[in-house]
Amino acid sequence: MAEADDLDLSELEGFNDTPVAETPRSTSDSRFRLLATLISAPDMLPTGEIEFRELEKLIQKDFLRLTADIGIPGESALYAELLNLVKKIHELVEFPYLANKNIVAVGGEFSAGKSCFLNAIFGTSDLLPTNARPTTAIPTYLTQENAEAIRALNTFGRRQDLNREELKAISHGFNDDQAEASDKISFYHILKTLQVQSPSMRWKNIAFLDTPGYSKPKETVDGKDAVLGTDAGNTDEEKACEHLSKADYLIWVVGAKDGTFQHDGIVFLRDKVKWKKPLYLLVNKADEPARSNLPDIFNEICGKAESAGFTVAGRSAYSSAEQKVYLGDNPSDWFDKIDSKRKLTTLRGQFKEILGKVIRKCDEIESACSSYKDLLARIECGQSLELSEEEADKLQHLRESLEKECDRRRVAVTAFSRFSDKVEKQLDGLLTVIGIAEESASDVGLTAIGMQDAQLLRHKKGDKLSGTVVSYSRFNGCWLSVAGENADCRVQIKKAELEKVTDPAKYFAVGKKFDLTVYEVNFSKSQVLLTVTPAAK
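Residues numbered from 1 in each chain as written. Predicted model: local features only at pLDDT ≥ 70, side-chain atom pairs only at ≥ 80, totals over all residues. Heavy atoms only, no water.

1. Digging into the packing of helix α2 (residues 49–70) against helix α3 (residues 75–94)
Part 1 of the argument: At a closest axis distance of 11 Å, the pairing of α2 and α3 adopts a crossing angle of 175 degrees. On the basis of the axis angle, α2 is roughly antiparallel to α3. Only Glu75, Leu78, Tyr79, Leu82, Val86, Ile89, His90 and Val93 of α3 make contact with α2, whose side of the interface consists of Glu49, Phe52, Leu55, Glu56, Ile59, Gln60, Phe63, Leu64, Thr67 and Ala68.
Part 2 of the argument: For the contact of α2 with α3, a count of residues per class yields 12 nonpolar, 3 polar and 3 charged. (Axes fitted to C-alpha atoms, helices over the stretch in contact; angles between N-to-C directions. Helix = DSSP H or I, 4+ residues; strand = E, 2+ residues; numbered from the N terminus. Parallel < 35°, antiparallel > 145°, perpendicular 65-115°, else oblique. Contact = heavy atoms within 4.5 Å. Nonpolar A, V, L, I, M, F, W, Y, C, P; charged D, E, K, R; others polar.)

Here's what the structure looks like:
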């Protein structure tokens, strides 16, 4: 049989003539039919793909042209940042069901019981296949839905509905125990991801991510150690690292029979994944060791994690087979806490911040040119220097050049602001089409708005300011003066925001101080949004 990379796809076309369901999945023919279906090109573009391509084209066509015209330092680095965001946007188009979910990854070494644990919290034993052999590095996301559905996304962007038997066939691949090593083929190279939706999943704001084990077991073949699995080398480790790095939360599963948190697992998490956030330790298969040994094993594993420098968010000794917590915390309580808040994307704000860097740089150069021009004008008017006719001509030429540069910068800022507005409009349309909820300033807290103030516009997202209430009206809102800015710099908290507070007249008493954080700068509208919190005492 030919290697997977050498397969003639035309040989597979005939296998589509008979539905997969009509042939037992244990035969090679049925798997080839499934393979043929999965590698088919998409019948139509995914929702939002057209809008995404328009956004991508807009950025590729105009960003470098505009920045080249005005000579912005570091334009290549800013362009790279934009392309990285474009990549993230395309991931939303491909996986819109993940955009507003908290990603909880389940990681660990091979045979730690990751899939068994996920089956247990879903209240089933067979939703996810559990194999005695490692066969695939395809990430599998599990989310809540009213009806069960299983979908695969291939490398061409085609989504294919599957049933449980087909999911099991993908998990096993062509890796029957009787197969020769050269006959083993993985679905990993043609599938980007698997999605499993289930009504038995009770956490609507969570997507669980089942990852491949970072390690592979060995078996003896002809008297020599051989690595099990179809993907040679460290593919599983690399894929596990890639998938875990995208997670918001992590459950690290350790088999109770292992008796400890393995050193290679610590190195993998700490040095390769570079996991800095808290992790949840799950000592699985707690029903297997002798009951008398379990507390010592549990404490040993938890102690190893803390000694390695990890912050432990929770710990459980758990039996997936019995769906029972033997020691420690109940993982469901941790899931409830995560599920209490919906995740919102911030891509719009990230785009605005990158584009804002260009506009601020233009503004800085224009201000410097204006300062030099004014200085030269004062020198000319004050006649503080005895200049020859040639020197006077050079001075006049320099002043005119600075004037032209100032005008060019103003035009550049205007053009780039229009481009930024186009990008924002296109992005908003794309997010609406694919149904993504973006974070707004009001999601963070009370908001104030500053208008037509040049000093405020020079700030960037995240800058910290302080303000003092100078007036309050239940009809006209509340006004705060901003410390450190010009004397007339004020920001307004509008009536709708005031209504979010129980007693706004008391909360915004004249003279009370507040901390202000820049949330968004809109150059085209000359507007700055800030979040407002009471000043720390």
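2. Let's talk about the side chain of Thr67
Part 1 of the argument: Structurally, Thr67 can be placed in helix α2.
Part 2 of the argument: Residue Thr67 is classed as buried on the basis of its relative accessible area of 1%.
Part 3 of the argument: Among the polar contacts made by the side chain of Thr67, one reaches the main-chain carbonyl oxygen of Phe63 at a distance of 2.9 Å.
Part 4 of the argument: Of note is the side chain of Thr67, whose polar atom sits 3.2 Å from the backbone oxygen of Leu64. (Buried < 20%, exposed > 50% of the residue type's maximum accessible area, 1.4 Å probe, protein only. Polar contact = N/O pair within 3.5 Å; in protein donor to acceptor, adjacent residues only side chain to side chain.)

3. With respect to the pairing of strand β10 (residues 279–284)
Part 1 of the argument: Most of β10 sits inside the fold, with 6 of its 6 residues counted as buried.
Part 2 of the argument: Where burial is concerned, the two faces of β10 agree: the one with Leu279, Leu281 and Val283 and the one with Tyr280, Leu282 and Asn284 are both buried.
Part 3 of the argument: Pairing of strand β9 (residues 249–255) with β10 involves 5 bridges; the strand directions are parallel. Within β10, the residue paired with Val254 across the bridge is Val283.
Part 4 of the argument: Crossover connection from β9 via helix α7 (residues 263–273) to parallel β10: handedness right-handed.
Part 5 of the argument: Pairing geometry for β10 and strand β11 (residues 312–319), over 5 bridges, is parallel. Bridged to Tyr280 within β11 is Gly314. (Pairing = 2+ DSSP bridges. Right-handed = clockwise from strand over helix to strand, strands pointing away.)

4. Examining the packing of α3 against helix α11 (residues 389–434)
Part 1 of the argument: α11 packs onto α3 with a crossing angle of 25 degrees between their chain directions and a minimal axis gap of 10 Å. Taken together, the axes of α3 and α11 lie roughly parallel to each other. The interaxial crossing formed by α3 with α11 has left-handed handedness. In this structure, α3 uses Ile89, Leu92 and Val93 to contact α11, whose residues at the interface are Leu427, Leu430, Leu431 and Ile434.
Part 2 of the argument: Residues of the contact of α3 with α11, tallied by class, amount to 7 nonpolar, no polar and no charged. (Left-handed = near helix turned anticlockwise from the far one by under 90°.)

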